[in-house]
Number of protein chains: 2
Amino acid sequence: MVTLADVARHAGVSASTVSYVLSGKRSISAATRERVTRSIAELGYHPHAGARALASSRSDIIALMMPLRTDMYVPVMMEIAVAVATTARSYGHDVLLLTGEEGPEAVRRVVGSGLADAMILMDVELDDARLPQLAASGTPAVLIGLPADTTGLTCVDLDFAAAGALCAAHLASLGHREIAVVGEAAAVYERHTGFAERTVAGLRERAAALGLRMLHRPCEGGYDAMAATLARVFDERPGTTGFVVQNEKAVDPLLSLLRRQGRAVPEDVSVVAVCPEQVATDASVPLTSVAVPAHEMGRRAVDLVMARSGARERGEDLADRVELLPPELTVRASTGPAPAAR
Amino acid sequence: MVTLADVARHAGVSASTVSYVLSGKRSISAATRERVTRSIAELGYHPHAGARALASSRSDIIALMMPLRTDMYVPVMMEIAVAVATTARSYGHDVLLLTGEEGPEAVRRVVGSGLADAMILMDVELDDARLPQLAASGTPAVLIGLPADTTGLTCVDLDFAAAGALCAAHLASLGHREIAVVGEAAAVYERHTGFAERTVAGLRERAAALGLRMLHRPCEGGYDAMAATLARVFDERPGTTGFVVQNEKAVDPLLSLLRRQGRAVPEDVSVVAVCPEQVATDASVPLTSVAVPAHEMGRRAVDLVMARSGARERGEDLADRVELLPPELTVRASTGPAPAAR
DNA sequence: TTGAAAGCGCTAACAC
DNA sequence: GTGTTAGCGCTTTCAA
């Protein structure tokens with residue numbers, strides 16, 4: 001193995017000089033830098049990660065904790081993870097992948113061993129068991145999602161309440177008076193992941209303000225579950241002309257069922273979705289939708305966690321910071337004027 | 001920070017004894033082990049990962065390299081990644097997440113720095129640029145997917161050729177004589193990822209053997225692309241009664257379009273899919289399918305890479321090993337006797 | 001069954 | 001602008 005000492009000898013300088021050329025932490029003459037750089041290339045030197053971590057007590061690794069669950073829309077998780085990994089690289093960091101399986105213990109293990117020096121948690125629950133552990137460790141961390149108590153925490157998420165409000169306002173502006181919300185699986189609400197509730201709260205509030213009647217129904221997703229939900233909706237509110245869907249697995253079934261029932265979209269019924277862009281554009285009717293900005297969320301999470309790490313090294317202490325990304329509604333082919341208003 | 005020396009002092013033993021209690025590499029009296037274990041717990045000691053890696057030159061980290069692409073079915077990638085992470089933990093290892101973005105350079109960096117001591121590559125292409133780099137580094141590695149030349153490599157994958165053959169045989173046994181294959185996006189074939197070609201090859205061969213006429217058409221997926229593909233198929237082969245789909249994004253559109261055209265599944269047309277179980281069971285008609293065993297692939301990849309690492313430490317050298325998982329066809333509601341045969 | 005001690009390769013004062 | 005040197009916390013011979 002090629003070591004720093006080998007490079008130093010080859011370049012005719014001391015070890016520390018090589019180290020400083022690499023870290024840029026002190027000024028080096030152009031000539032020396034040149035010689036060292038050349039030696040590094042010639043010998044094919046790579047600094048040993050473990051040795052560096054030991055000496056500097058920084059591993060340059062961010063741990064990313066993912067949920068194991070399957071009731072969430074997986075591509076969003078994946079897009080966040082990829083965004084985290086690529087953004088981390090742009091900061092010269094790598095990403096350690098942890099699954100939720102180990103639970104709070106993983107936080108202790110990874111941070112206690114110095115394996116990672118920062119952490120990003122995905123799919124945070126309102127009352128997440130990992131948070132006390134994290135707070136106690138003092139590790140710079142960023143949550144994707146919003147827990148009940150954000151004191152001392154940094155969080156990133158889509159502003160789901162605003163997203164809900166946006167959907168309600170859009171349908172109202174088209175003259176719809178009765179709308180139905182097809183939500184996530186009941187388990188998602190029971191787990192209190194937060195985002196689903198926040199969307200519904202935003203919808204409800206704006207709907208009330210605009211004088212809309214609104215019905216909210218959780219839905220497991222899939223064809224059969226959607227069929228049952230849809231039947232119930234039209235049974236209870238035959239006058240429903242607008243749908244808001246926040247459940248990727250319910251999108252295709254919903255459109256397919258409406259078609260089969262002879263309800264044209266958007267002539268008879270309008271549909272707005274809260275979902276990733278691709279789901280909206282790939283649907284049988286391109287959907288008017290509020291995008292879940294997965295990539296942006298991953299990127300911001302890394303930006304924030306790096307800022308926190310930097311602050312910590314400078315001895316600053318950071319205030320809580322909750323960053324809610326503003327939703328954007330894109331109008332496509334699935335929404336139009338309410339039938340009565342035409 | 002609590003160090004090994006702290007534990008040793010607290011337990012009244014030497015540092016090496018603590019180390020050996022932890023590693024189990026030499027026998028320790030029950031009494032001593034007990035004292036040491038207690039001290040570790042009391043002090044809340046966690047070995048420093050960097051120091052350990054430096055002294056032992058093993059990081060206990062497996063690097064997992066994922067593709068960045070979006071034309072693959074993402075949940076499969078994700079399920080493999082989660083399976084890799086959880087299986088790795090059962091071996092006491094962690095997983096470093098690399099995206100394909102850095103390309104071959106990532107292999108050099110991660111292995112050269114001793115950050116990871118083994119590697120798993122996903123979505124390997126027939127002529128993958130990372131392979132020479134890997135071979136040169138001598139790092140224990142396992143590929144998920146099959147390159148053109150597997151000399152000296154360990155690979156895991158579904159036996160897609162056998163999967164194709166199984167689909168052809170199933171349709172033939174039901175009396176179908178003309179079948180159409182809806183494949184992955186053209187880009188997937190152009191990239192020569194292998195799996196798509198292998199499925200088609202297996203289909204073609206068995207179809208020929210059983211006297212089936214077969215048409216193969218790549219498809220981008222999504223509603224519009226599927227509509228165009230379907231029109232062409234029935235235009236060229238009006239007698240087509242069986243479909244094989246290997247494209248998750250085409251499944252729902254295909255079923256939806258057939259329904260709209262008044263072709264009942266499975267009475268008029270049978271459909272077999274090569275896809276994850278969930279896609280098959282969630283479809284509007286539960287699909288007869290050959291599952292892509294994502295979890296199993298991730299798990300086996302870790303098993304094999306750990307075996308390779310172990311062998312390397314014992315100085316053995318391993319022969320090539322290509323492990324093709326046997327496909328299983330599950331009959332559901334989307335296939336039935338060919339109309340003519342009823 | 002246990003201890004002593006020599007590194008592993010790098011960083012970061014401290015000198016000049 | 002550069003060199004010297006003392007660790008960082010652990011593993012592993014070597015010795016007892």
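Definitions and cut-offs
- Residues numbered from 1 in each chain as written.
- Chains lettered and ligands numbered in written order.
- Predicted model: local features only at pLDDT ≥ 70, side-chain atom pairs only at ≥ 80, totals over all residues.
- Heavy atoms only, no water.
- Helix = DSSP H or I, 4+ residues; strand = E, 2+ residues; numbered from the N terminus.
- Buried < 20%, exposed > 50% of the residue type's maximum accessible area, 1.4 Å probe, protein only.
- Least-squares fit on C-alpha atoms with pLDDT ≥ 70 in both.
- Contact = heavy atoms within 4.5 Å.
- Expected span 1.5 Å × (residues − 1).
- UniProt positions renumbered as here; feature names shortened; annotations may be inferred.
- Near = heavy atom within 4 Å.
- Polar contact = N/O pair within 3.5 Å; in protein donor to acceptor, adjacent residues only side chain to side chain.
- Nonpolar A, V, L, I, M, F, W, Y, C, P; charged D, E, K, R; others polar.
- Core = buried A, V, L, I, M, F, W, Y, C linked by side-chain atoms within 4.5 Å.
- Pairing = 2+ DSSP bridges.
- Axes fitted to C-alpha atoms, helices over the stretch in contact; angles between N-to-C directions.
- Salt bridge = Lys/Arg side-chain N within 4 Å of Asp/Glu carboxyl O.

- The name an unreviewed UniProt entry gives chain A is LacI family DNA-binding transcriptional regulator, with Streptomyces daliensis as the organism.

## Concerning the environment of Ser19 of chain B
Residues and elements named next belong to chain B.
Moving on, step 1. Here Ser19 is to be found in helix 2 (residues 15–23).
Moving on, step 2. Overall, Ser19 belongs to the partly exposed group, its relative accessible area being 32%.
Moving on, step 3. Sequence-wise, Ser19 and Val7 are 12 residues apart; in three dimensions their C-alpha atoms are separated by 10.0 Å.

## Things to note about the relation of the copies chain A and chain B
Moving on, step 1. With an RMSD of 0.1 Å, the fit of chain A onto chain B corresponds to turning through 180 degrees and sliding 0.0 Å along the axis. Both chain copies can therefore be described as sitting about a two-fold axis.
Moving on, step 2. With an isologous cut-off of 70% or more, the 100% of interface residues of chain A that recur at the interface of chain B puts this contact in the isologous class.

## Overview of helix 5 (residues 74–90) of chain A
Moving on, step 1. For helix 5 of chain A, spanning 17 residues, the distance from its first C-alpha to its last is 25 Å, which sits close to the expected 24 Å at 1.5 Å a residue.
Moving on, step 2. Among the residues trailing helix 5 of chain A, Gly92 of chain A stands out with phi positive, at a value near 75 degrees.

## Examining the UniProt feature "domain: HTH cro/C1-type" (unreviewed entry) in chain A
Moving on, step 1. Under the present numbering, the feature "domain: HTH cro/C1-type" (unreviewed entry) in UniProt falls on residues 3–32 of chain A.
Moving on, step 2. The span residues 3–32 of chain A shows a helical share of 67% and a strand share of 0%, and its end C-alpha atoms are spaced 18 Å apart.

## Some details on the protein's contact with DNA strand D
Moving on, step 1. Within the structure, DNA strand D sits among 27 residues, and Ser27 and Thr32 of chain A together with Leu4, Tyr20 and Tyr45 of chain B are positioned closest to it.
Moving on, step 2. Counting only the atoms of DNA strand D within 4 Å of the protein, the fraction contributed by sugar and phosphate is 54%.
Moving on, step 3. Here Thr17 of chain A contributes a side-chain N or O atom positioned 2.6 Å from a phosphate oxygen of DNA strand D.
Moving on, step 4. Note that a phosphate oxygen of DNA strand D is positioned 2.8 Å from one of the side-chain N or O atoms of Ser19 of chain B.
Moving on, step 5. Contributions of two or more residues to the surface near DNA strand D are made by helix 2 (15–23) and helix 4 (49–56) of chain A together with helix 2 and helix 4 (49–56) of chain B.
Moving on, step 6. Ranked by residues supplied to the surface near DNA strand D, first place goes to helix 4 of chain B with 4 residues.
Moving on, step 7. Residue composition of the surface near DNA strand D, by class: 11 nonpolar, 12 polar and 4 charged.

## Describing the nonpolar core
Moving on, step 1. Judged by nonpolar contacts, the single largest core of 104 residues is most densely connected at Ile62, Ile80 and Ile120 of chain A together with Ile62, Ile80 and Ile120 of chain B.
Moving on, step 2. Not counting residues within four places of it along the chain, the set of residues in contact with Ile80 of chain B comprises Met122, Ile144, Ala294, Met297 and Gly298 of chain B.
Moving on, step 3. Membership of the second largest hydrophobic core comes to 42 residues, among which are Ala63 and Ala106 of chain A together with Ala106 and Leu153 of chain B.

## Overview of the sheet that holds strand 12 (residues 329–330) of chain A
Residues and elements named next belong to chain A.
Moving on, step 1. If you walk across this open sheet you meet the 6 strands as 7-6-8-9-10-12, and the pairing is mixed. Each of the sheet's edge strands pairs with one partner strand only, and the pair in question is strand 7 (213–217) and strand 12.
Moving on, step 2. With respect to the sheet, helix 10 (residues 195–209) is in contact with strand 6 (178–182), strand 7 and strand 8 (242–245), its orientation differing from that of strand 7 by roughly 165 degrees.
Moving on, step 3. The sheet strands contacting helix 12 (residues 248–260) are strand 6, strand 8 and strand 9 (270–275), and the helix crosses strand 9 at an angle near 165 degrees.

## Quick notes on the sheet that holds strand 4 (residues 141–144) of chain A
Moving on, step 1. The strand order across the open sheet built from 12 strands is 11(A)-5(A)-4(A)-3(A)-1(A)-2(A)-2(B)-1(B)-3(B)-4(B)-5(B)-11(B), with neighbouring strands paired in mixed fashion. Whereas interior strands pair on both sides, the edge strands pair on one side only; in this sheet they are strand 11 (321–325) of chain A together with strand 11 (321–325) of chain B. Strand-to-strand twist in this sheet, taken as the mean axis angle between neighbours without regard to direction, amounts to 20 degrees.
Moving on, step 2. In this sheet, strand 3 (residues 118–121) of chain A lies alongside strand 1 (residues 61–66) of chain A in parallel orientation, the contact comprising 4 bridges. Among the inter-strand pairings, Ala63 of chain A is bridged to a residue of strand 3 of chain A, identified as Met119 of chain A.
Moving on, step 3. Contacting strand 1, strand 2 (94–99) and strand 3 of chain A together with strand 2 (94–99) of chain B, helix 6 (residues 104–112) of chain A runs over the sheet at an angle of about 150 degrees to strand 2 of chain A.
Moving on, step 4. Where helix 14 (residues 294–313) of chain A meets the sheet, it contacts strand 1, strand 3, strand 4, strand 5 (154–158) and strand 11 of chain A, and its direction lies at approximately 165 degrees from that of strand 5 of chain A.

## Concerning the side chain of Ser334 of chain A
Moving on, step 1. With respect to the helices and strands, Ser334 of chain A occurs in the segment after strand 12.
Moving on, step 2. Reaching out from Ser334 of chain A, the side chain makes a polar contact with the backbone oxygen of Val271 of chain A at a distance of 2.5 Å.

## Considerations on unusual backbone geometry
Across residues other than glycine, the phi torsion is negative in most instances, and most of the peptide bonds are trans.
Moving on, step 1. Cis geometry is found at the peptide bond from Val265 of chain A to Pro266 of chain A, where omega equals 10 degrees.
Moving on, step 2. With respect to the helices and strands, Pro266 of chain A occurs in the loop between helix 12 and strand 9.
Moving on, step 3. The phi angle at Ser57 of chain B is positive, at roughly 50 degrees, despite the residue not being glycine.
Moving on, step 4. Checked against the element boundaries, Ser57 of chain B lands in the loop between helix 4 and strand 1 (61–66).
Moving on, step 5. In this structure Ser57 of chain B comes out as exposed when scored by relative accessible area, which is 59%.
Moving on, step 6. Backbone geometry places Asp60 of chain B, a non-glycine residue, at a positive phi of 55 degrees.

## Description of the protein's contact with DNA strand C
Moving on, step 1. What surrounds DNA strand C is a group of 26 residues, the closest being Leu4 and Tyr45 of chain A together with Thr17, Ser27 and Thr32 of chain B.
Moving on, step 2. Residue His48 of chain A places a main-chain N or O atom 3.3 Å away from a phosphate oxygen belonging to DNA strand C.
Moving on, step 3. Residue Arg52 of chain A places a side-chain N or O atom 3.4 Å away from a phosphate oxygen belonging to DNA strand C.
Moving on, step 4. Mapped by element, the contributors of at least two residues to the surface near DNA strand C are helix 2 and helix 4 of chain A together with helix 2 and helix 4 of chain B.
Moving on, step 5. Of the residues forming the surface near DNA strand C, the biggest block, 4 residues, is contributed by helix 4 of chain A.

## Describing the pattern of salt bridges
All names here are of chain A.
Moving on, step 1. Scanning the entire structure with this criterion turns up 38 salt bridges over all chains.
Moving on, step 2. Between Glu236 and Arg217 there is a salt bridge, with the nearest N and O atoms lying 2.7 Å from each other. Placement of Glu236 in helix 11 (residues 223–236) and of Arg217 in strand 7 is noted, with a sequence separation of 19 residues between them.
Moving on, step 3. Each of Glu296, Arg299, Arg300, Asp303, Arg321 and Glu323 takes part in a single network of salt bridges with overlapping partners.

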